[in-house]
Amino acid sequence: MEARPMTAIQQVLWELRMDYIGHPYYVSGNAILHAIGQHLDPETHAAVSASHGVFVPGQFGTFPEEHTQSGIRPYLGSGLPDVEAYDDLFLQREAMHPWLLDTRARDALNTHDLRVHGGHPALAHETIMGRREDQRKQQQTTKWYVHAYLHADDPTVLPLGEDVLEGLQFGGKRNYGYGEVQLKDTQMVDLDELDYSRLEGAETYLIELVTPFVVASEYPDADDRPVPWWWAEDRDDLRLREEKILEQREVFRLETVDHGQVVKYLGDRPVETAKNGLTRVGSHSRYGFGELRLKPLGEQYQESEK
């Protein structure tokens, strides 16, 4: 079997089968690594890195303009569309999910129900909305999914098989069945084969933090990372957040630049930076931190966004 290049990533989409007790914004890459590690030998497990898992509603949607596909698709959030260009990778990795149809109650459909179990708030694995009495169906159910991707130092490790990716649980209270997921879809993507033409020739570039960027850590031998020189903003201009990472049942505190922020890019190698942002940069990038998205901001881009 021919070895895949190290630029290959494996996209994974899991369906939540039971309520999730854990981080309210995402399933951490650390949690995903711990879950799949139970099915891998130590050497293989050490070679794998995992992104944070983003919660995705299984709803109708329309592909955004920057995507290589177009049109409305039923339950766009419940499968993995083909990936041909750089922007295609982020379809299901934006918390706002702008692909949700405006003709529906998008704010409600993009919000988890909260349930309290034993004093612990849990994100519901499905959202049930009532409908008017004159409508044929009295309720609408939205199932929730977790989108993540894996990459490995050893190109022969990926793809991981269904036997590794199936039967996992994320979050707390797993002994009681919480956080159970079912594998819905997976596919390999070679980053070197993607179209990056939208990133070429722009006058200005912006960087969006898809996941928090670690600048300080209590974890042993994890050097503090300053804000990258190719960000226009310095540390005082950024919103910080404390995060935690669990390793060998010990909790380590992290100081991070909060996700969702946008900074100006000062570098001169946008395509290379974009690829590095997918395999993530900074401390604890193996555990999902430091994922970046590069966005061109120029005359052509502005016109396409109108």
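On a predicted model such as this, the values are computed, not experimentally measured, just so you know.

## Examining helix H1 (residues 29-37)
Owing to its 3.6 residues per turn, the α-helix aligns residues three or four sequence positions apart on the same side.
Point 1. Within H1, 7 of the 9 residues are buried, leaving the element largely enclosed by the surrounding structure.
Point 2. When H1 is considered as a whole, its buried residues turn out to be Gly 29, Asn 30, Ile 32, Leu 33, Ala 35, Ile 36 and Gly 37.

## A look at the sheet that holds strand E17 (residues 292-297)
Point 1. An order of E16-E12-E17 is seen for the 3 strands of this open sheet, with the pairing classed as antiparallel. Both edges of this open sheet fall to strand E16 (262-265) and E17, since each of them pairs with a single strand only. In this sheet, adjacent strand axes meet at a mean angle of 30° when their direction is disregarded.
Point 2. As paired strands, strand E12 (residues 204-209) and E16 are joined by 4 bridges and run antiparallel to one another. If you follow Ile 207 over to E16, its bridge partner there is Val 263.

## Remarks on the domain arrangement of the protein chain
Point 1. Partitioning the protein chain into structural domains gives domain 1 (8-190) and domain 2 (196-301).
Point 2. Between domain 1 and domain 2, the C-alpha centre-to-centre distance is 22 Å.
Point 3. Buried surface at the junction of domain 1 and domain 2, both sides included, amounts to about 2100 Å², of which 50% is carbon and sulfur.
Point 4. Taken as a group, Asn 30, Tyr 86 and Phe 90 account for 30% of the area that domain 1 buries against domain 2, more than any other trio of residues on that side.
Point 5. Between Glu 94 and Arg 293 there is a salt bridge, and its shortest N-O distance comes to 3.2 Å.
Point 6. Breaking the side of domain 1 that touches domain 2 down by element, the ones donating at least two residues are H1, helix H2 (42-47), strand E2 (48-50) and strand E9 (139-152).
Point 7. Classifying every residue of the side of domain 1 that touches domain 2 gives 10 nonpolar, 10 polar and 4 charged.

## Some remarks on the nonpolar core
Point 1. Trp 14, Ile 36, Leu 150, Leu 160 and Phe 170 are the most contacted members of the largest nonpolar core, which totals 36 residues.
Point 2. Put simply, the parts of the chain that give this core at least two residues each are strand E1 (8-16), H1, E2, E9, helix H4 (162-165), strand E11 (180-190) and strand E15 (250-257).
Point 3. No fewer than three residues from each of domain 1 (8-190) and domain 2 (196-301) sit in this core.
Point 4. In this view, Ile 36 contacts Val 48, Leu 150, Leu 160, Val 164, Leu 165 and Leu 168; residues no more than four positions away in its chain are not counted.

## Some thoughts on the packing of aromatic side chains
Point 1. Here the structure, examined in full by the defined rule, presents 10 aromatic pairs.
Point 2. When the centroid spacing of 5.1 Å and the interplanar angle of 50° are considered together, the rings of Phe 60 and Tyr 75 count as tilted. Remark: Tyr 75 occurs in the loop between strand E5 (72-73) and helix H3 (106-109) and Phe 60 occurs in the loop between strand E3 (54-57) and strand E4 (61-62); sequence separation between them is 15 residues.
Point 3. Classification of Phe 60 as partly exposed rests on a relative accessible area of 25%.
Point 4. For Tyr 75, a relative accessible area of 44% corresponds to the partly exposed category.
Point 5. Ring geometry for Tyr 219 against Phe 252: centres 5.0 Å apart, planes inclined by 70°, an arrangement best described as edge-to-face. Linking Tyr 219 in the loop between strand E13 (213-217) and strand E14 (240-247) with Phe 252 in strand E15, this pair joins segments that are 33 residues apart in sequence.
Point 6. For Phe 252, a relative accessible area of 8% translates into the label buried.
Point 7. The structure contains a cluster of three or more aromatic residues connected by ring pairs, namely Tyr 205, Phe 213, Trp 230, Trp 231 and Tyr 265.

## Regarding the pattern of salt bridges
Point 1. Under the defined criterion, the tally for this structure stands at 15 salt bridges.
Point 2. Across the salt bridge formed by Arg 198 and Asp 87, the nearest N and O atoms sit 2.6 Å from each other. Remark: Asp 87 occurs in the loop between E5 and H3 and Arg 198 occurs in the loop between E11 and E12; sequence separation between them is 111 residues.
Point 3. The exposure class assigned to Arg 198 is partly exposed, which follows from its relative accessible area of 30%.
Point 4. A salt bridge links Arg 239 to Asp 258; its shortest N-O distance comes to 3.1 Å. Placement of Arg 239 in the loop between E13 and E14 and of Asp 258 in the loop between E15 and E16 is noted, with a sequence separation of 19 residues between them.
Point 5. Its relative accessible area of 42% is what places Arg 239 among the partly exposed residues.
Point 6. One network of salt bridges, with partners in common, ties together Glu 66, Asp 87, Glu 94, Arg 198 and Arg 293.

Parameters and conventions
Residues numbered from 1 in each chain as written. Predicted model: local features only at pLDDT ≥ 70, side-chain atom pairs only at ≥ 80, totals over all residues. Heavy atoms only, no water. Buried < 20%, exposed > 50% of the residue type's maximum accessible area, 1.4 Å probe, protein only. Helix = DSSP H or I, 4+ residues; strand = E, 2+ residues; numbered from the N terminus. Pairing = 2+ DSSP bridges. Axes fitted to C-alpha atoms, helices over the stretch in contact; angles between N-to-C directions. Domains from an automatic or database assignment. Buried area = accessible area lost by both parts, 1.4 Å probe. Salt bridge = Lys/Arg side-chain N within 4 Å of Asp/Glu carboxyl O. Nonpolar A, V, L, I, M, F, W, Y, C, P; charged D, E, K, R; others polar. Core = buried A, V, L, I, M, F, W, Y, C linked by side-chain atoms within 4.5 Å. Contact = heavy atoms within 4.5 Å. Phe/Tyr/Trp six-rings, centres within 6.5 Å; stacked < 30°, edge-to-face > 60°.

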